[in-house]
Amino acid sequence: MLKEYDVIVVGGGHAGCEATAAAANSGSKVLLITMNMGTIAQMSCNPAMGGVAKGQIVREIDAMGGYSGIISDKTAIQFRMLNMSKGPAMWSPRVQSDRWLFAQEWRLMLEKTPNVDFWQDTVMGLKLESNKVVGVKTALGLEIEAKSVVLTNGTFLNGLIHIGDKNFGGGRAGERNSTGITEELIQLGFDHGRMKTGTPPRVDARSLDFTRMEEQKGDEYPSKFSFTDTKPLSQQRSCHITYTNESVHDILREGLDRSPMFSGSIEGTGPRYCPSIEEKIERFAERNRHQIFVEPEGWNTVEIYVNGFSTSLPMDVQLKAIKQIKGFENVKLFRPGYAIEYDYFPPTQLKHTLETKLVENLYFAGQINGTTGYEEAGCQGLMAGLNASLKTQQKDELILARNEAYIGVLIDDLITKGTKEPYRMFTSRAEYRILLRQDNADIRLTPISHKIGLASDERLRAVEAKERQTKEILDLLGSHSIEPDVANPYLEDVGTSPLKQKVKLSSIISRPQVSISSLNNHVNTEQIGLNNYDPECLEQAEISIKYDGYIKREREMADKMQRLEDITLKHDFDYSALSSISSEAREKLSEIKPKTIGQASRISGVSPSDISVLLIHFGR
Amino acid sequence: MIDRDTICALSTPAGSGAIGVIRLSGPEAIKIAQAVFDGKALSNQKGQSLHFGKIKADEKVVDEVMLSLFKAPHSYTGEDVVEVSCHGSAFILSEVMKLFTEEGARIANPGEYTMRAFRNGKMDLAQAEAVADLIASESKAAHQLAMNQMRGGFSKKIQELREELIHFTSMIELELDFAEEDVEFADRDDLKELVDRILLILSKLIDSFATGNVMKNGIPVAIVGQPNVGKSTLLNALLNEEKAIVSEIAGTTRDSIEDEVKIGGISFRFIDTAGIRETDDLVENIGIKRTFEMVDKAMIVLYLVDAIQADAAQIKEMIQEIEAKIEGQDKQLIVLANKVDQGNFDLAHIPLEIKKKFPEGKTPIFLSALKKYHLDELTAILEKIAKETLSSANQVTVSNARHHQALKKAQESLLRVREGLDQNITGDFLAMDIRQSLHFLGEITGTIEIDRDILGHIFSSFCIGK
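The model shown is predicted, which means the values in this text are computed figures rather than measured ones.

S.K.: Looking at this structure, I do not really get the sheet that holds strand 10 (residues 160–163) of chain A. What am I missing?
M.R.: For sheets, the rule is that strands pair by backbone hydrogen bonds, running either parallel or antiparallel. All names here are of chain A. Pairing is antiparallel in the open sheet, where 4 strands are placed in the order 11-10-19-12. Only two strands of the sheet have a single neighbouring strand rather than two, namely strand 11 (166–169) and strand 12 (193–199). Strand-to-strand twist across the sheet, computed as the mean angle between neighbouring axes with direction ignored, equals 25°. As defined by bridge partners, strand 10 adjoins strand 19 (residues 338–344) across 3 bridges and the pair is classed as antiparallel. Bridge pairing in strand 19 places Ile 161 opposite Ile 340.

Structure (structure tokens):
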């Protein structure tokens, strides 16, 4: 009944949607199979995209030609650039989203994408030929053929929802879970584990007293995610901040004996950096309050997401405790918080393309790999969908390096180190953080993506224009001088030492206190023509002047390490025959089968002297 | 490890030999050698040729050397190689190594020459496993040695400071990655204070490790004994002896200091020479306290007695006291019976009643400082002891040099952190330099991985996560 596809994507969450878009836009015929056509691109947890490190990932997805950035821009209700007081590598875009618009926009964009078909059904198993996947089997009894399959099952594989001492099967509140796939993969020889995540209650805005909370507004001059021509917000909605207190904690403590976390009925590992409120009061008993962000779920809805109050305590405890929060005295619950356990497959079983080592043409992306977060899922989906598509077209795979993208860091971490708790991106995971900025994601990635046929010509032209303009600005600043009597009033104004003789403009811009825009306001620089340039390019030029030394040093380190990445290891090499490396290294290398010496050096338990030995065998 | 930079290392066995060979290998080998070599222009010379010249530091001659030049690919490693044959003094060798590293050479990792040789096709695969084994065992030994030499609790201290620094990095990472959350900020003043503390320790370590005090200043020797036993005469005899022995170059690089003797290229420094002269001249009683102060400072104690006048009980008591004092330390006691020329006996046959003055097992060297009789026996023993001492110290020099480099690099990056703190730069840039210094401190303590440490620290110490 259904034709043969190049790529079947199983699951319509953030990973599945990006996988579908990337595969289709790189020229493959794609079928997206989802259990429910009505819940494509659901934001199961908080209604927000981006944040520190995650915002950089969304920019990277956009630069590659993915959709998350465009959709986030179109459906944002508030924009903030976080970390503006830090260096440019830390600037991180974040939006509050309209949850319904977000899902709707994704579905519409996928509908408009050529080569994408949809099918509502539950995939129960894989169709295999020896160790190759050739299609899927569904609950409706279909066998659909495809050259490759991308699994993005999220929390649905044997999903088990916990609220207090109750638990029941489900993939998300109000939705069925999915069984069968895990069991089949285990039979094929895959290792699997359980993870756990949680979500807070949703409440009725009409029952809250916002006057008792602090307002958190969006940026005065909002920016955006996409490098395309999406529009920044002209109006925004505010969030609010309030705090828990000792009486909230007391009530929570009384309910702990009925908490599935503490009673032992949850076996999965939860993220340490995203603890439930009951874990916070247990682990950090000395803190007498915890911050709560009150986030609207959309432009028009009264539903509120209580960020910071993730819990799986019994409903009566949740309600009693939340009422003690300032501003929540008369709160009405819409939906209780809950914890969910689900199956994942340790990602060390994957190649860098996200194809499994065991089954050819089978790809995994998102929570099935042990990650958490829409952005983390989305970028894996993009890379899995893209690589599946490239492979079906017999083209070279695309792997992003750790010094090219957070996406590269994320995938390499997963494949090389695995993860024991839900993996979230932090900027500190990137050793070349100074290079991986949100402002240059397009410069870093669009040319790469364009070359393999994903990013459009239009995107490439925009990047080329940005680079050209930036260079022109740098030339102008490096060739025009400024006299002391012109510059000094301004320099004293911003608190930096006055000039004694005339200097090039670039030399005063290198001072931390000076910015091109404020210089423009105070000193008439019109005659040199800076005003004609796009603010984005001015910013690019300013960053490269101000942080030149750091950027160069980081680049040098990255280049030095790159040499280790250039030496490839044989996939079928028998590490057990290497007597001169430690037994731990032998075991890890045999398990992970690193692709390069560089990757091997990042495996924990592999020492520098083990690497020397590998160099002897492979370095020539 | 697969760097294409130029490496150097001592390639003769550790310990003092007549000559010591330092090998440079890599694209810059000739340039680096030339920078400190006063002789022919090496780049114009043929490969596999020998050249005589001087190694100079700031116009001062460090050593006269023979330099063997090998041009790629006709060398052991297949790269440009320069082998410098120096005099075998540990001091000279470490000075030359230091010069090379200052010119840009890196201290070779264990087995790195062999590895380069292999990678450049100079060995076949059958030899690879053997090389690999060598590297594994050398790395282990080098690290053990490095740890052993970090006496005086330095290694523990560095470990502690590194942990404090990790704590700080996690505070900084916390404010970077969790800016939105209700977290405290890392106190910059505390960080400054910590950085200063680490810098202080690092500079102390760098000073003490740079070449090793013993080799730099000579082996400290104390001459102790009653007034008028001939301490001053012995000292003069040794000093004169030296001038006779020492050729223009041997020994060599340092201005001869009054209290320094060079025997077999090794420096010996006599402690409190002024005191020795003074007490002997004035026939002043040198107090036991002063004697013990000298013993404290010395590595070799020469206990000098008047063979003819001395009293057996007094000798026994003194030997016991000195031995008690030096027990468990790396010090040597040599008993000397001076003035044998003043007795009425044939010097070749010391009478039994004189021999019996010395406790069993403490047979002295019978000598005459004045007549320079049997002084050669003394210098031979001094040389033997010194070589034993230096052979362990010399190994230290090699691993030391690597160590020294890590310490210097840690210091460099911490100085940048310090500078950044003064300029109030943001945490992301601070973190970059702190990470570098952690990396180099880790090279010393043998713990490299930091990301896991940092994130682990954040998650266990701070309440984060919405």
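Don't stop here, the text continues.
S.K.: In this structure, what is going on with the side chain of Lys 231 of chain B? I would like to understand it.
M.R.: Residues and elements named next belong to chain B. Looking at the secondary structure, you find Lys 231 in helix 8 (residues 231–245). Classification of Lys 231 as buried rests on a relative accessible area of 1%. Side-chain polar atoms of Lys 231 contact the backbone oxygen of Gln 226, separated by 3.0 Å.

S.K.: Quick question: what am I supposed to make of the nonpolar core here?
M.R.: Taken as a class, soluble globular proteins show a tendency for nonpolar side chains to be buried jointly. One finds Ile 8 and Leu 362 of chain A to be the most contacted residues of the largest nonpolar core, which totals 137 residues. In this view, Leu 362 of chain A contacts Leu 126, Val 133, Val 149, Leu 151, Leu 185, Phe 190, Leu 354, Glu 355 and Thr 356 of chain A; residues no more than four positions away in its chain are not counted. Listed in part, the 32 residues of the second largest apolar core include Ile 22, Ala 29, Ile 92 and Leu 93 of chain B.

S.K.: What is the right way to read the packing of aromatic side chains from this model?
M.R.: Aromatic rings in a pair are described by how distant their centres are and how their planes are angled relative to each other. All names here are of chain A. Under the definition given, this model contains 11 aromatic pairs over all chains. By the ring-pair criterion, three or more aromatic residues cluster together here, those being Phe 190, Phe 345 and Phe 364. A cation over a ring is seen here: Arg 59 above Phe 227, with NZ or CZ 3.9 Å from the ring centre. Stacked on the ring of Tyr 243, the Lys or Arg Arg 289 has its end atom at 3.5 Å from the ring centre.

S.K.: I'm lost on unusual backbone geometry in this one. Help?
M.R.: Across the chain, the bulk of peptide bonds are trans and the bulk of non-glycine residues have phi less than zero. Across the junction of Ala 72 of chain B and Pro 73 of chain B, the peptide omega takes the value 0°, indicating a cis bond. Position of Pro 73 of chain B relative to the elements: it lies in the loop between strand 5 (60–70) and strand 6 (81–87). Here the phi dihedral of Ala 41 of chain A falls at roughly 55°; this positive angle occurs in a residue that is not glycine. What makes Ala 41 of chain A buried here is its relative accessible area of 0%. Despite not being glycine, His 374 of chain B has its phi angle at roughly 65°, a positive value. Mapped onto the fold, His 374 of chain B is located in the loop between strand 13 (365–366) and helix 13 (375–422). Judged by its relative accessible area of 24%, His 374 of chain B falls in the partly exposed class.

S.K.: How do you make sense of the packing of helix 21 (residues 608–618) of chain A against helix 3 (residues 112–119) of chain B when you look at a structure like this?
M.R.: Relative orientation and spacing of two packed helices are given, respectively, by the angle between their axes and the distance between those axes. Between helix 21 of chain A and helix 3 of chain B, the least distance of the axes is 9 Å, while the angle of their chain directions is 20°. As far as their axial angle goes, helix 3 of chain B and helix 21 of chain A are roughly parallel. Our pair here, helix 21 of chain A against helix 3 of chain B, has a crossing hand that is left-handed. Only Met 115, Phe 118 and Arg 119 of chain B of helix 3 of chain B make contact with helix 21 of chain A, whose side of the interface consists of Ser 612, Leu 615 and Ile 616 of chain A. In terms of residue class, the contact of helix 21 of chain A with helix 3 of chain B is built from 4 nonpolar, 1 polar and 1 charged.

S.K.: I tried to follow the pairing of strand 4 (residues 49–57) of chain B on my own but got confused; where do I start?
M.R.: Sheet faces and side chains relate simply in a regular strand, where the side chains alternate between the two faces. Residue and element names in this part refer to chain B. As paired strands, strand 3 (residues 37–38) and strand 4 are joined by 2 bridges and run antiparallel to one another. Across the sheet, Phe 37 pairs through a bridge with Ile 55, a residue of strand 4. Pairing between strand 4 and strand 5: 9 bridges, direction antiparallel. Each bridged residue has a counterpart across the sheet, and for Ile 55 the counterpart in strand 5 is Asp 63.

What counts and how
Residues numbered from 1 in each chain as written. Chains lettered and ligands numbered in written order. Predicted model: local features only at pLDDT ≥ 70, side-chain atom pairs only at ≥ 80, totals over all residues. Heavy atoms only, no water. Pairing = 2+ DSSP bridges. Helix = DSSP H or I, 4+ residues; strand = E, 2+ residues; numbered from the N terminus. Axes fitted to C-alpha atoms, helices over the stretch in contact; angles between N-to-C directions. Buried < 20%, exposed > 50% of the residue type's maximum accessible area, 1.4 Å probe, protein only. Polar contact = N/O pair within 3.5 Å; in protein donor to acceptor, adjacent residues only side chain to side chain. Core = buried A, V, L, I, M, F, W, Y, C linked by side-chain atoms within 4.5 Å. Contact = heavy atoms within 4.5 Å. Phe/Tyr/Trp six-rings, centres within 6.5 Å; stacked < 30°, edge-to-face > 60°. Lys NZ or Arg CZ within 6 Å of the ring centre and 35° of its normal. Parallel < 35°, antiparallel > 145°, perpendicular 65-115°, else oblique. Left-handed = near helix turned anticlockwise from the far one by under 90°. Nonpolar A, V, L, I, M, F, W, Y, C, P; charged D, E, K, R; others polar.

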